Amino acid sequence: MKFSLRKAVKSDCKAILELINELAIFEKEPEAVIVTVADLERDGFGENPLFKVIVAETETEIVGMAFYYYRYSTWKGKTIHLEDLIVKQSARGKNVGSALYKELLHKAYDQDVKRVEWVVLDWNTPARDFYIKSGAKILDGWETVQMDEEGLKSFIINNS
């Protein structure tokens, strides 16, 4: 499969959302996606973008993406959080994911980023193996903590 990588543009948001939905199905949470094309356009391509995307495309379609944003570690300094690395089912096994991953890591290195971090599901053995083989470490003793919209609302109401 012949494909190229490039920085996403606003008109890619429909394809970006399609990839997000495909990932949600893969992760067994198709109903969890509430973000819209308008949200992506506003939040990623407005005056103060909250995220960046590298897309992989063939001559006819976008087949993968690396969706990331910058963070700051009080211990390390500038970091990148890789929110999602997604490749369409039809394009898996054709080095699209590897190319996106490599591109993001090169970008981080060139920008003197001190750490790139992401989360991976414990049951996603192919992804875990790929990351470990690349030299990444899956941290023991650290667990992802989240407060969803309902939890946030409840906290505010009960702690005002």
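Here is a short report on the structure shown in this document. Keep in mind the model is a prediction, meaning the values are calculated, not measured. (Residues numbered from 1 in each chain as written. Predicted model: local features only at pLDDT ≥ 70, side-chain atom pairs only at ≥ 80, totals over all residues. Heavy atoms only, no water.)

Contact geometry for helix α1 (residues 13-26) and helix α2 (residues 37-45): axes closest at 9 Å, N-to-C directions at 115°. As far as their axial angle goes, α2 and α1 are roughly perpendicular. As α1 runs across α2, the sense of the crossing is right-handed. Contacts from C13, K14, I16, L17 and I20 in α1 reach V37, L40, E41 and F45 in α2. (Axes fitted to C-alpha atoms, helices over the stretch in contact; angles between N-to-C directions. Helix = DSSP H or I, 4+ residues; strand = E, 2+ residues; numbered from the N terminus. Parallel < 35°, antiparallel > 145°, perpendicular 65-115°, else oblique. Left-handed = near helix turned anticlockwise from the far one by under 90°. Contact = heavy atoms within 4.5 Å.)

A few words now on the packing of aromatic side chains. Here the structure, examined in full by the defined rule, presents nine aromatic pairs. With a centroid separation of 6.2 Å and 90° between ring planes, the pair formed by F45 and F51 is classed as edge-to-face. With relative accessibility at 9%, the residue F51 sits in the buried group. Look at Y101 and W118: their rings are 5.9 Å apart centre to centre, the planes differ by 90°, and that puts the pair in the edge-to-face class. Taken together, the residues span a long stretch of sequence, with Y101 in helix α3 (residues 96-110) and W118 in the loop between β5 (115-117) and α4 (125-134) at a distance of 17 residues. Summarising the burial analysis for this pair, Y101 and W118 share the class buried. Among the aromatic residues, those joined into a cluster by ring pairs are Y101, W118, F130 and Y131. (Phe/Tyr/Trp six-rings, centres within 6.5 Å; stacked < 30°, edge-to-face > 60°. Buried < 20%, exposed > 50% of the residue type's maximum accessible area, 1.4 Å probe, protein only.)

Applying the stated criterion across every chain yields a total of ten salt bridges. Of the charged contacts in the structure, one is a salt bridge between E57 and R6, with a shortest N-O distance of 2.7 Å. Taken together, the positions of E57 in strand β2 (residues 52-57) and R6 in strand β1 (residues 4-7) put the pair 51 residues apart, joining distant regions of the chain. For R92, the salt bridge is made with E22, and the minimal N-O distance between the two is 3.9 Å. (Salt bridge = Lys/Arg side-chain N within 4 Å of Asp/Glu carboxyl O.)

Moving on, we get to the nonpolar core. I54, I80, V96, L100, L104, V116 and W118 are the most contacted members of the largest nonpolar core, which has 19 residues in total. Residue assignment for this core shows that the elements contributing at least two residues are β2, β3 (62-73), β4 (77-87), α3 and α4. If you tally residues by element for this core, the top one is α3, at five residues. In this view, V116 contacts I80, L104, L105 and A108; residues no more than four positions away in its chain are not counted. In this structure, L19, L23, V53 and V55 belong to the second largest nonpolar core, which totals 15 residues. (Core = buried A, V, L, I, M, F, W, Y, C linked by side-chain atoms within 4.5 Å.)

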